[in-house]
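Report on the structure
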Amino acid sequence: MATPSQQRPTAPHRAAEALRAAILEGELQPGQRISQEAWAERVGVSMIPLREALHGLAGEGLVTYRPRRGYVVTELNLADLEEVYALRRLLETEAIRRGVPLATEADIAALRAAANSCRSVAARGDLASRLEANRSFHELLHGLARSWPLLRLVDLLWDSTEAYRALYYALPGEAVEADRAHDAIVEAVAQRDTDAVVALQDAHRERALDRLRVTLAA
């Protein structure tokens, strides 16, 4: 039987989920200041749990604390964004090259199920759930390496650009393109074709970065 604490999310958890959804759905934009008083009232919590939530989101990279301004949605310039994606390429390629040869039939089935989940969520038009499903797919892919330190480093880089990924997935047609990329990646893993998985992941990542370059320039 679930305990009362398991049944009812804590105040910091509720505040964090509300803020995270607002960031991922674009209500709060990169660089925008977060009014703690307004959000505490909106979520129905006191200032202490709201600040706990913001501290946790800062650890995820979604928000940044700035002296005399408070918390803002994490903002990257194009050069920073490109550097993060370059670092992702290095680490994700390492994870794929380690992991694909180790992939079991159960791993492939899990990847295929995760790709299908991305498609199902996209059909509902729920951006926050779509981002969560997409992340789960890639965590499974990189997790094939069986390396917690490597996966943790990749996660940190993903955390720092989550708000930008929300911008990308909100662009027309990109969810469909992402689903196609995921399907191709799964089939390449099933064939144990490491080079193909690396190439497909590179193309998938570069497409997102190209679209973000155009979006940020506009």
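Cut-offs applied
Residues numbered from 1 in each chain as written. Predicted model: local features only at pLDDT ≥ 70, side-chain atom pairs only at ≥ 80, totals over all residues. Heavy atoms only, no water. Helix = DSSP H or I, 4+ residues; strand = E, 2+ residues; numbered from the N terminus. Rg over C-alpha atoms; globule rule 2.2 N^0.38 Å. Buried < 20%, exposed > 50% of the residue type's maximum accessible area, 1.4 Å probe, protein only. Contact = heavy atoms within 4.5 Å. Areas by Shrake-Rupley, 256 points an atom, 1.4 Å probe, with all protein chains shown as cover. Lys, Arg positive; Asp, Glu negative; His and termini not counted. Charge placed at Lys NZ, Arg CZ, Asp CG, Glu CD. Axes fitted to C-alpha atoms, helices over the stretch in contact; angles between N-to-C directions. Parallel < 35°, antiparallel > 145°, perpendicular 65-115°, else oblique. Left-handed = near helix turned anticlockwise from the far one by under 90°. Nonpolar A, V, L, I, M, F, W, Y, C, P; charged D, E, K, R; others polar. Core = buried A, V, L, I, M, F, W, Y, C linked by side-chain atoms within 4.5 Å. Phe/Tyr/Trp six-rings, centres within 6.5 Å; stacked < 30°, edge-to-face > 60°. Lys NZ or Arg CZ within 6 Å of the ring centre and 35° of its normal. Pairing = 2+ DSSP bridges.

This paragraph deals with the overall build of the protein. Looking only at helices and strands, the protein has eleven helices and two strands in total. When the elements of the protein are put in sequence order from the N terminus, they spell out α-α-α-α-β-β-α-α-α-α-α-α-α. On C-alpha atoms alone, the protein measures out to a radius of gyration of 18 Å, which is about the 17 Å that the 2.2 N^0.38 rule sets for 218 residues. Structurally, the protein occupies a C-alpha span of about 55 × 50 × 35 Å along its principal axes. Sorting the 218 residues of the protein into buried and exposed places 44% on the buried side. A fraction of 73% describes how many contacts in the protein between residues 6 or more apart in sequence connect residues 24 or more apart. Surface exposure of the protein reaches about 11000 Å², of which carbon and sulfur atoms provide 55%. Averaging the locations of the 27 positively and 31 negatively charged side chains of the protein gives two centres separated by 2 Å.

Contact pair helix H7 (residues 127-143) / helix H8 (residues 148-160): the axes reach a minimum separation of 10 Å and the direction vectors enclose 155°. When the interaxial angle is binned, H7 and H8 end up roughly antiparallel. The handedness of the crossing between H7 and H8 is right-handed. Between H7, through Asn134, Arg135, His138, Glu139, His142 and Gly143, and H8, the contact on the second element is made entirely by Leu151, Val154, Asp155, Trp158 and Asp159. Grouping the constituent residues of the contact of H7 with H8 by class yields three nonpolar, four polar and four charged.

For soluble globular proteins, the rule of thumb is that nonpolar side chains tend to be buried together. Leu19, Leu28, Ile34, Trp39 and Leu50 are the most contacted members of the largest nonpolar core, which has 37 residues in total. Those elements that provide at least two residues to this core are helix H2 (11-24), helix H3 (36-43), helix H4 (47-60), strand S2 (70-73), helix H5 (78-99), H7, helix H9 (162-169) and helix H11 (194-217). The element that contributes the greatest number of residues to this core is H2, accounting for six residues. Leu28 has contacts with Leu19, Ala22, Ile23, Ile34, Trp39 and Val73, leaving out every residue within four places of it along the chain. If you look at the next biggest cluster of nonpolar residues, it comprises 19 residues, including Ile96, Val100, Ala115 and Ile185.

Going through the model one piece at a time under the given rule, you end up with one aromatic pair. Aromatic side chains Tyr65 and Tyr71 sit 5.2 Å apart centroid to centroid with 65° between the ring planes, which places their arrangement in the edge-to-face category. On the accessibility criterion, Tyr71 (12% relative accessible area) is buried. For the cation-ring pair, Arg88 lies above Tyr85, with the distance from its terminal atom to the ring centre recorded as 4.8 Å.

Here the focus is the pairing of S2. The pairing of strand S1 (residues 63-66) with S2 spans four bridges and is antiparallel. What sits directly across from Thr64, in S2, is Val72. Two successive antiparallel strands, S1 and S2, enclose a turn made up of three residues, where Arg68 displays a positive phi of approximately 65°.

Even without being glycine, Arg68 reaches a positive phi, approximately 65°. Here Arg68 is to be found in the loop between S1 and S2. Note on Arg68: relative accessible area 84%, which makes it exposed. A positive phi angle, close to 55°, is found at Arg146, a residue other than glycine. For Arg146, the position within the fold is in the loop between H7 and H8.

This paragraph deals with the packing of H7 against H9. Where H7 contacts H9, the axes come no closer than 10 Å and their chain directions differ by 110°. By the angle between their directions, the pair H7 and H9 is classed as roughly perpendicular. The hand of the H7/H9 crossing is right-handed. Across the interface between the two elements, Leu127, Arg130, Leu131, Asn134 and Arg135 of H7 pack against Glu162, Arg165, Ala166 and Tyr169 of H9. Within the contact of H7 with H9, the residues separate by chemical class into four nonpolar, one polar and four charged.

Keep in mind that these numbers describe shape and distance, not what the molecule does.
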